[in-house]
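Fold and geometry: a report
Letter by letter, the chains look like this.
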Amino acid sequence: MDAKRVEDLVDGVLREADADVEIRVDGAGANYNITVVSDVFTDQRPVKRQQTVYAALREAIAAGTIHAVNIQTYTRDEWSARDA
């Protein structure tokens, strides 16, 4: 699996809830770093945010296509505040 396919999987789940989602995926093979910026995460606890992204990857993880993921999630305000 490549980074673009991982991005497409996450995008397919989150795009329904937020048309303006930003997804960045780095990595190759079975290990990926995923950053998602979306207001769909507003008022969600970190565990719920992780679960939302994992849901998109569940089948690939179960099949062993993806072995390790590092997920960072932000609302747009949180993302903007990082650079301030």
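A brief structural summary. Just so you know, the residues in each chain are numbered from 1, in the order the chain's sequence is written. Reporting of local features is limited, given that this is a predicted model, to residues whose pLDDT is at least 70; pairs of side-chain atoms are given and counted only at 80 or more, and all residues count toward the totals for whole chains, interfaces and linings. Values reported for side chains reflect all heavy atoms of the structure, with hydrogen atoms and water molecules removed beforehand.

**Digging into the pattern of salt bridges**
- A pairing counts as a salt bridge when a side-chain nitrogen of Lys or Arg comes within 4 Å of a carboxyl oxygen of Asp or Glu. Following the criterion strictly, the structure yields six salt bridges and no others.
- As a salt-bridge pair, R76 and D39 come within 2.8 Å of each other at their nearest N and O atoms. Residue R76 is found in helix α3 (residues 76-82), and its partner D39 is found in the loop between β2 (31-37) and α2 (46-63); the two are separated by 37 residues along the sequence.
- For R49, the salt bridge identified is with E78, shortest N-O distance 2.9 Å. Of this pair, R49 sits in helix α2 while E78 sits in helix α3, and the two are 29 residues apart along the sequence.
- One salt-bridge network, in which partners are shared between bridges, spans D20, D39 and R76. Only DSSP runs of H or I reaching four residues or more are called helices, and only runs of E reaching two or more are called strands; each is numbered from the N terminus.

**Quick word on the nonpolar core**
- What is meant by a nonpolar core is a set of buried Ala, Val, Leu, Ile, Met, Phe, Trp, Tyr and Cys residues, joined one to another through side-chain atoms within 4.5 Å. Burial classes follow relative accessibility: with a 1.4 Å probe on protein chains only, a residue under 20% of its type's maximum area counts as buried, one over 50% as exposed, and anything between as partly exposed. Within the largest apolar cluster, 19 residues are counted, with the highest numbers of intra-cluster contacts made by V10, Y32, I34, V36 and L57.
- When contributions to this core are tallied by element, the ones reaching two or more residues are α1 (3-14), β1 (22-28), β2, α2 and β3 (68-74).
- For this core, the leading source of residues is α1, giving five residues.
- Non-local contacts of V10, meaning those with residues more than four positions away in its chain, are made with I23, V36, V53, A56 and L57. Here, two residues are considered to be in contact whenever any of their heavy atoms come within 4.5 Å of each other.

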